[in-house]
Amino acid sequence: MIQLFSRRSSLDSREWQLKLRLVPWSIIGLLVLVAATGCLALTSAGEGDFSIWAEKQVFRLALGACLMMCAAAIDIRHWYRLTYPIFIVGVLSLILVDIIGYTGMGAQRWLDLGFMKIQPSELMKIALIMVLARYYHDLPPNAVKSLKSLLMPLLLIGVPVALVAIQPDLGTATKTMLACIAMLFAAGVPMWLFIAGGGIFLALMPVLWATMHDYQRDRVLTFLNPESDPFGAGYHITQSKIALGSGGFLGKGYLEGTQARLDFLPEKHTDFIFTLWAEEMGWVGGVFLMVLYFLLIGVCMMQAMRTRHTFGRLLIFGIAFNLSLYVMINIAMVMGLIPVVGVPLPFVSHGGTVTLSNMIGMGLILSVAIHRDSRLPSV
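Residues numbered from 1 in each chain as written. Predicted model: local features only at pLDDT ≥ 70, side-chain atom pairs only at ≥ 80, totals over all residues. Heavy atoms only, no water.

What follows covers the environment of T172. Tracing the backbone through its elements, the reader meets T172 in helix α7 (residues 170-187). What makes T172 buried here is its relative accessible area of 3%. With 171 residues separating them along the chain, T172 and V343 place their C-alpha atoms 8.3 Å apart. Residue contacts for T172: discarding those within four places in its chain leaves Q119, S121, E122, K125 and V164. (Helix = DSSP H or I, 4+ residues; strand = E, 2+ residues; numbered from the N terminus. Buried < 20%, exposed > 50% of the residue type's maximum accessible area, 1.4 Å probe, protein only. Contact = heavy atoms within 4.5 Å.)

A general trend in soluble globular proteins is that nonpolar side chains are found buried together. Judged by nonpolar contacts, the single largest core of 86 residues is most densely connected at I27, Y136, L296, L315 and M362. Among the elements that take part in this core, helix α13 (residues 273-306) stands out by supplying 13 residues, more than any other. If near-sequence neighbours (up to four positions away) are discounted, M362 is found in contact with I27, L31, M68, L296, C300, I319, L323 and F347. Ranked by size, the runner-up nonpolar core spans six residues in total, among them A179, I329, V343 and V354. (Core = buried A, V, L, I, M, F, W, Y, C linked by side-chain atoms within 4.5 Å.)

Enumeration according to the criterion identifies four salt bridges in this entry. The shortest N-O distance in the salt bridge between R77 and D75 comes to 2.8 Å. Residue classification places R77 among the partly exposed positions, given a relative accessible area of 35%. According to the relative accessible area criterion, D75 is buried, its value standing at 13%. The salt bridge involving E279 is made with K252; its shortest N-O contact spans 3.0 Å. Of this pair, E279 sits in helix α13 while K252 sits in the loop between α11 (235-247) and α12 (258-261), placing them 27 residues apart in sequence. E279 gets classed as buried once you look at its relative accessible area, which sits at 0%. Overall, K252 belongs to the partly exposed group, its relative accessible area being 30%. (Salt bridge = Lys/Arg side-chain N within 4 Å of Asp/Glu carboxyl O.)

Pasting the structure below:
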């Protein structure tokens, strides 16, 4: 009995050593660098006071790191089996938001848990990516190009997107749609279906414009001409451009940003934190942060290419693409390249659910990387 126990312990020890060797430490290192940059920026947003914004973010990052490591430690085969139950729980949480959700800033998007408020739509993105990855993993390769095989993904996408859109949260619904479209493309759905879908979307643009809320139309009109109302709807983007331009090549110096320090820059700790960072650290600091994100997403994509099973490849692709959407939309937004849609910068902006959901997503990527050679059920 003792010999059997000793042999089992030795096998477990060798198994964990093998798993540790397969961990892509570059992902963890890049995450630490991005999060540390965020803490510096949030300390600056608090005018040098760590306790105002950065302290809470450190707590969320620590909680997120625990969730990430837990997700990474779970065998990808277990995540494969839990995919549909997780998706169902996600849909039920969105329905619960519509019934008893907390209302803030004119929208009903949160569930109040007492100790914190969570936004189920952010967690739903991860669940939707998981369920699409499993669906296409289970689908025979020759069936991907058939129109019939597209009906189930459209249903899986349409239900949560509709529930998010009626909160209303058109920005999150749009980001979710874009991430899902990218996954369909990666899965091998024929190009003509995307072209046809794009044509239908353009044809429905007048209808969509008519159904938009007034504040959503104002964002589009402000994007087209921000100078038309510089002290109203165009105030955010006007001040953001001033701050970005005044930063120059090397910036004004840490804690020396005048637009942020004098409160000209709104939402400097959330949506416009990249502007605050670029004003103080200049073009060099802004490019440094963008390079970190580029490397992080690139390393994740490399892990996808090394994975043998379709579920893992699509799961990493979806999570990495979703992260890239956050980064591209936030930075383009603060530069005035797209309308202001209220998208935080991952691991940098002050925020709870977005930070936790992205950390869980990173944990799933680590799980795939560690178990990239695992044999999953296939058709």
